[in-house]
Amino acid sequence: MRKLASLLLLLVSFVTVQAQVANPAKWQTKIEKKSDTEYTITWDGIIAEGWHMYSQYTPEGGPLPTEFLYNNQEGNYELVGKAKESETKTTFNDVFGVDETYYVGPVKLVQDIKLTNAATENIQVELAYQVCEEMCISQSNLFVYDLKTLTAKEVKNFEELNTTSVDTKSTEDTTNNAVATDANNKQEKKGLFTIFFLAFLSGFAALLTPCVFPMIPMTVSFFTKQSKTRAKGIKNAIIYGLSIILIYVVLGTIVTAIFGADSLNALSTNVYFNIIFFVLLVVFATSFLGAFEIMLPNSWANKVDSQADRGGIVGILFMALALAIVSFSCTGPIVGTLLVEAASKGGIAPIVGMLGFSLALALPFMLFAMFPGWLNSMPRSGGWLNTVKVSLGFLELALAFKFLSNADLVLQAHWLEREVFLAIWIAIFGAWALYLLGKIKLPHDSPTESISVGRLFMALVVSIFTIYMIPGLWGAPLKIISGFPPPMTYSESPYGVGGKGGSADAVTIPDGAKLGAHDIIAFTDYEKGMAYAKSVNKPVLLDFTGFACVNCRKMEDYVWSEPAVLGVLKNDIVLISLYVDDKQELPESEQYISETTGKKVKTIGNKWSDFQMKNYHANAQPYYIVLDKDGNRLNEAVGYTPDAEEYKTWLESGINKVK
């Protein structure tokens, strides 16, 4: 069954990529009369699972917002305020560097209209919007509302109102979600696995702190000595470990229940949330570095400890709770940081995070109880535990600036641009390296004449990472830490400190072309690009893209930038990038009625979108095809392909056919 399910998922993915025209949004609409001159138009939309439709309030520079274009408004009617919309969610998009606002669940849009001309017979509205999943689709629907009969119909174009019938499927079918794919679920599972893995590492780090590590032999010895048999001791230690897991998972559940699975994610782009947690993490880091101890009231520990004497499972549970309280000065900052990071992912991430953290914390207690002889091989407590704690402090401090950066990006204040952020991280990790080498001393450090081999190796790793970040000040992409610093575009110079602003002077740009991503020569007109390809006898990469296409930018940033791919794009092929969301209007003489959709093609973006649907039966972006110089396809088209090696192999599969 699993193999069959995998095969079906693969087939669905293949069919999707092979470019059947997708229609992830289904609409019902109606018009209601409120008075002799006032009307209300309502649109109810169902968006296929895994897709997002962007709000009319999405800012410029991000994905395309929903727009209402009224064809016959002038002199006939006026809008009463902006359209009211259903619930939305706002998330920061680090590709575009802006907030993107999109609808949650079924979409409801309501617009009030007031007539200014009593003779007006109908209202003509074009609803234009963008929906995205792993690909983005720009769509529009044309609606006509008869003011006498109060009926609504969808038309192919406003010029043929008298001959066009109602498209009943588009306005009545609100249950067809056939376009839904499993990609969103896969991404969610991948994110939860990452949270679990990082939480497990955090739990292991907490285990190696002065508050927790010394308690392992003490607790295990207690269970093995107090139990009548070794089997009983092992059983009690396992219950103890499971109790630790239960306590932290309950904590994650409480956080999720209080804030709500969806609102946690919304908090991640909230300015105040990010600033508060920046301050909080700085406090945690300061504590770890030795300035002070964060502790819960002693009365809490005493009360819980008194309950541990009750015996049985309840007593063991209270012993686990006592561990959590007593070790709070070390585990609290880690748990707090972990919950903050998990909260930014939304959903059940806090629960998954606490499961990973507590599992790492509980495993040693259970394993050492099963094999008590291992206790003799444990390293002794000592100054190295404080070194671990201080190291966590440096990491907390570095992570704090990520939250401050989020706030700055949302505000677009440009206080913490890429160069400044990198300079701060270089200073933090550089200081950490000096600490590990013994050049910096902190309050709780033990006096040492030499450092251990393990500490030396750790110092080398941190030093290498610090040096790795330095070229980022000059424009290096730093892919290892991609997503932590602000994007390349959010900097004093897109080419880094001391950059020279590109290579436009060193490259001859053909007529009709421009320098695109990574200084690749790109044509934005199909005919001009094909003419150039013939003149230089090279194949063509036809790139259907969009200014507001997130995954198009990801492909350019992370795949096209790979040297092997970049070399092919610059030397072996002619790039033609056709932007389907270009709003520049075509000259009146070049506007036409589409044979594919029946709609009027008014803009450059409409032209290339219609070109894509007519010739390749697709309407999604990104969408790539390799053609020969005469426009014949050389391989199958692909969409979003984040694996650079896979994308390079695909490119070469087309190019090699003309060699």
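About the cut-offs
- Residues numbered from 1 in each chain as written.
- Predicted model: local features only at pLDDT ≥ 70, side-chain atom pairs only at ≥ 80, totals over all residues.
- Heavy atoms only, no water.
- Helix = DSSP H or I, 4+ residues; strand = E, 2+ residues; numbered from the N terminus.
- Buried < 20%, exposed > 50% of the residue type's maximum accessible area, 1.4 Å probe, protein only.
- Areas by Shrake-Rupley, 256 points an atom, 1.4 Å probe, with all protein chains shown as cover.
- Core = buried A, V, L, I, M, F, W, Y, C linked by side-chain atoms within 4.5 Å.
- Pairing = 2+ DSSP bridges.
- Axes fitted to C-alpha atoms, helices over the stretch in contact; angles between N-to-C directions.
- Contact = heavy atoms within 4.5 Å.
- pLDDT = per-residue confidence, 0-100.
- Phe/Tyr/Trp six-rings, centres within 6.5 Å; stacked < 30°, edge-to-face > 60°.
- Lys NZ or Arg CZ within 6 Å of the ring centre and 35° of its normal.

Turning our eyes to something else, we now look at the overall build of the chain. Each helix and strand counted, the chain has 19 helices and 18 strands in total. Counting every position in the chain, which comprises 659 residues, the buried fraction comes to 49%. When the accessible surface of the chain is split by element, carbon and sulfur atoms take 60% of a total near 32200 Å².

With that out of the way, let us pick up the nonpolar core. Phe394, Phe403, Trp425, Phe429, Trp432, Met469 and Ile481 are the most contacted members of the largest nonpolar core, which totals 31 residues. Within the residue set of this core, elements represented by two or more residues are α7 (271-288), α12 (383-411), α13 (418-436) and α14 (453-469).

This next bit is on the sheet that holds strand β13 (residues 521-523). Strand order in the open sheet formed by five strands is β12-β13-β15-β14-β18, and the pairing between neighbours is mixed. Each of the sheet's edge strands pairs with one partner strand only, and the pair in question is β12 (513-515) and β18 (623-627). On average, each strand axis in the sheet is inclined to that of its neighbour by 30°, with strand direction left out of account. Note: β13 against strand β15 (residues 574-579), two bridges, orientation parallel. Bridging across to β15, Phe523 finds its partner in Ile576. In the packing of helix α18 (residues 604-616) onto the sheet, the strands contacted are β14 (540-545), β15 and β18, and the crossing angle to β14 comes to about 120°. Sitting on the sheet, helix α19 (residues 644-655) touches β14 and β18, and the angle it makes with β18 is about 30°.

A few words on the confidence of the model for the chain. Chain-level statistics for the chain give a pLDDT mean of 76 and a share of 72% at 70 or above. Confidence drops under a pLDDT of 50 for residues 1-20, and excluding neighbours within four residues, the segment shows 16 contacts in the predicted structure. Of the regions scoring below 50 in pLDDT, residues 261-266 engages in 19 contacts with residues more than four places distant in sequence or in other chains.

Considering all chains together, one arrives at 24 aromatic pairs under this definition. Relative to Tyr647, the ring of Tyr624 lies with its centre 5.4 Å away and its plane at 75°, an arrangement referred to as edge-to-face. Of this pair, Tyr624 sits in strand β18 while Tyr647 is found in helix α19, placing the two residues 23 residues apart along the sequence. In this structure an aromatic cluster arises from ring pairing among Phe394, Phe421, Trp425, Phe429, Trp432, Tyr435, Phe465 and Tyr468. Against the face of Tyr435 rests Arg455, its NZ or CZ located 5.0 Å from the ring centre.

Before going further, it helps to examine the sheet that holds strand β5 (residues 77-85). Sheets are built from strands that pair by backbone hydrogen bonding, the pairs being arranged parallel or antiparallel. The four strands are arranged β1-β2-β8-β5 in an open sheet whose pairing can be described as antiparallel. Looking along the sheet, the strands with just one partner apiece sit at the ends: β1 (25-33) and β5. Neighbouring strand axes in the sheet, compared pairwise and without regard to direction, differ in orientation by 15° on average. By the bridge criterion, nine bridges tie β1 to strand β2 (residues 38-47) in an arrangement that is antiparallel. For Lys33, the partnering residue across the bridge sits in β2 and is Tyr39.

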